Amino acid sequence: GTVGYTASCLGGDVTSAIINAGHTPVAVASLDAASLAPLDALIIEACLGYANDPDVDAAVSNGMAVIINDWFPVGATAGRLPGTPAITFTYNLGFAINLATASPITTGPGGTLTNASLDSSFFLAPSHDGYTASVLSPGIVSLLIRSNQANRSVALGYPHGNGYVAYSGMPIDTYLPSGPYHNSNLCTPSNLCGGMQTYLTNLIAWSVQQVRTCEKEGFTGTK
């Protein structure tokens, strides 16, 4: 498929994760209906918090997957995300992320994640910026959790119309290739940076698979 991506926050490059997930990356300069129409998925780095965009909302409802990495997931998230789910995030920096029970992005084309893959050991480089403050509603899938606290999701996913939304309170951009911590003394491809790359690759592949299509619903040919 074709996966669009917006400008990075601190220079992190998502294109290798898109390619490793089996898709074609396309830079998107404007989040308007015409730019979103050809996309199978979209990655948004929300540097100052994500505010719902009606064109993105419509594109997801029509069958696009969107991955939102939110650096400032503060206050009530309900109303700010596509489909306006009842999700509330607390802004809080953290350095330990575990996999949620039966997380579907544990393995994938990017490799295998463990509970240590996304942990940070440097106090200026948090691995997450927030987590859910309430129990998730039915239909919302927890992907990652804060430390070992099962009721505090750091990343989650849910359907919206024919599309799918994957949302996290994580500064992923920081740890991707060309990001400020990548290949530095604070982070190498064998620890947190490698884990973030694996996570994003698996997340892209899984999110695109969640989108509803005629074929997935059993309709073929002219049915």
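Keep in mind that what you see is a predicted model, and the values were worked out from it rather than measured.

(A) Up close: helix H4 (residues 192–209). Across its 18 residues, H4 extends 26 Å between first and last C-alpha, which sits within 8% of the 26 Å expected from 1.5 Å per residue. The buried fraction of H4 amounts to 17 of the 18 residues, a majority that puts the element mostly inside the structure.

(B) Representation of helix H3 (residues 54–61). The complete set of buried residues in H3 reads Val56, Asp57, Ala59 and Val60. For H3, the buried positions fall inside an angular range of 165 degrees around the axis, keeping them on one side. Buried residues in H3 make contact with helix H2 (33–36), strand E3 (41–46), strand E4 (65–70), strand E11 (149–160) and strand E12 (163–168). Where H3 begins, the side chain of Asp53 points an oxygen toward the backbone nitrogen of Asp55, at a separation of 2.8 Å. At the C-terminal side of H3, Gly63 shows a positive phi close to 125 degrees.

(C) A look at the pairing of E4. Taken across its 6 residues, E4 has 6 buried, putting it largely inside the fold. The alternating pattern of E4 places Ala65, Ile67 and Asn69 on one face and Val66, Ile68 and Asp70 on the opposite face, and all of these are buried. The sheet contact formed by E3 and E4 spans 6 bridges and is parallel. Bridging across to E4, Ile43 finds its partner in Ile67. In this region the chain leaves E3, passes through H3 and returns to the parallel neighbour E4; the handedness of that crossover is right-handed. Pairing between E4 and E12: 5 bridges, direction parallel. By the bridge assignment for E12, Asn69 is matched with Ser168.

What counts, and at which threshold
Residues numbered from 1 in each chain as written. Predicted model: local features only at pLDDT ≥ 70, side-chain atom pairs only at ≥ 80, totals over all residues. Heavy atoms only, no water. Helix = DSSP H or I, 4+ residues; strand = E, 2+ residues; numbered from the N terminus. Expected span 1.5 Å × (residues − 1). Buried < 20%, exposed > 50% of the residue type's maximum accessible area, 1.4 Å probe, protein only. Arc of directions from axis to C-beta. Contact = heavy atoms within 4.5 Å. Polar contact = N/O pair within 3.5 Å; in protein donor to acceptor, adjacent residues only side chain to side chain. Pairing = 2+ DSSP bridges. Right-handed = clockwise from strand over helix to strand, strands pointing away.

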